[in-house]
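Spelled out from the first residue to the last, the chains are:
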Amino acid sequence: MKILLDENVPEPLTEPLLWLLLRKHEMAHVNAQWKGIKDRQLYDKAKRKGYDVVISNDSQQLYDPEICRAIQRSGRHVVFIETSNGGLRSLAAAAGAIIHSIRGIISELEQADGQRIIVVPPLRGDPKYTTFDPRHEAPSSVWPRKQHGDHKPSRADRF
């Protein structure tokens, strides 16, 4: 499939998305060929250039009658990545969501018998991770039990 990332999708997402798709698909960013293009024109150009999918970070397009008609006329699949309230945290949640979903989305679109519109919600909640201080708690069952606490720097470290 030929996939086009809209200008509101950060260009650095291109590489991880391609990697996750095992480089079996062609992917381009709007900025490489049509920087500043209006949304209504984008879908017609995408169709003429043979793109199958447009990925956009602007789900508000779904509430603009003219853009909706342009999307419908194009017949292109469109994947909208939703963001919550702006800012880097919102962008990170949206990027994580599309990275997490891209393989399933493209697989589904390859099987589709007509145009599909997909809305990808951002990841919700606080980022999930666990922190260990190995001086007090082992991060795994095979972590060495003897801990080497604070050490004095060697002579080489002092100078």
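Criteria and thresholds
Residues numbered from 1 in each chain as written. Predicted model: local features only at pLDDT ≥ 70, side-chain atom pairs only at ≥ 80, totals over all residues. Heavy atoms only, no water. Buried < 20%, exposed > 50% of the residue type's maximum accessible area, 1.4 Å probe, protein only. Helix = DSSP H or I, 4+ residues; strand = E, 2+ residues; numbered from the N terminus. Pairing = 2+ DSSP bridges. Right-handed = clockwise from strand over helix to strand, strands pointing away. Patch = residues over 30% accessible without salt bridge, like charges linked within 9 Å, V, L, I, M, F, W, Y side chains within 5 Å. Areas by Shrake-Rupley, 256 points an atom, 1.4 Å probe, with all protein chains shown as cover. Salt bridge = Lys/Arg side-chain N within 4 Å of Asp/Glu carboxyl O. Axes fitted to C-alpha atoms, helices over the stretch in contact; angles between N-to-C directions. Contact = heavy atoms within 4.5 Å.

Colleague: Which residues make up the pairing of strand β3 (residues 53–56), and what are the values?
Modeller: Burial along β3 is two-sided: Val53 and Ile55 facing one way and Val54 and Ser56 facing the other are all buried. Inspection of the sheet shows β3 paired to strand β4 (residues 77–81) by four bridges, in the parallel sense. In the sheet register, Val53 faces β4, and the bridge partner there is His77. In the classification by handedness, the crossover that spans β3, the intervening helix α3 (residues 65–74) and the parallel β4 is right-handed.

Colleague: Which residues make up a nonpolar patch on the surface, and what values go with them?
Modeller: Side chains of Leu62, Tyr63, Ile117 and Val119 sit close together on the surface and give an oily, nonpolar patch of about 370 Å² of accessible area. Residue position: Val119 is located in strand β5 (residues 117–120).

Colleague: Break down the pattern of salt bridges for me, with residues and values.
Modeller: Considering all chains together, one arrives at six salt bridges under this definition. We note a salt bridge from Arg23 to Glu15, for which the minimum N-O separation is 1.9 Å. Using a relative accessible area of 42% as the deciding quantity, one classes Glu15 as partly exposed. The shortest N-O distance in the salt bridge between Arg135 and Asp133 comes to 2.9 Å. Accessibility expressed as a relative area gives 27% for Asp133, which makes it partly exposed.

Colleague: Got a sec to walk through the sheet that holds β4? Specific residues and values, please.
Modeller: Overall, parallel pairing links the five strands, which are arranged β2-β1-β3-β4-β5 in an open sheet. The open sheet has two free edges, formed respectively by β2 (26–29) and β5, since each of these has just one partner strand. Averaged over all pairs of adjacent strands, the angle between strand axes in this sheet comes to 20°, irrespective of strand direction. Examined bridge by bridge, β4 and β5 share four bridges and lie parallel to one another. Its bridge partner lying in β5, Ile81 is registered against Val120. Seen against the sheet, helix α2 (residues 39–48) touches β1 (2–5), β3 and β4 and runs at an angle of roughly 150° to β3.

Geometric descriptors of this kind do not, in isolation, establish any biological role.
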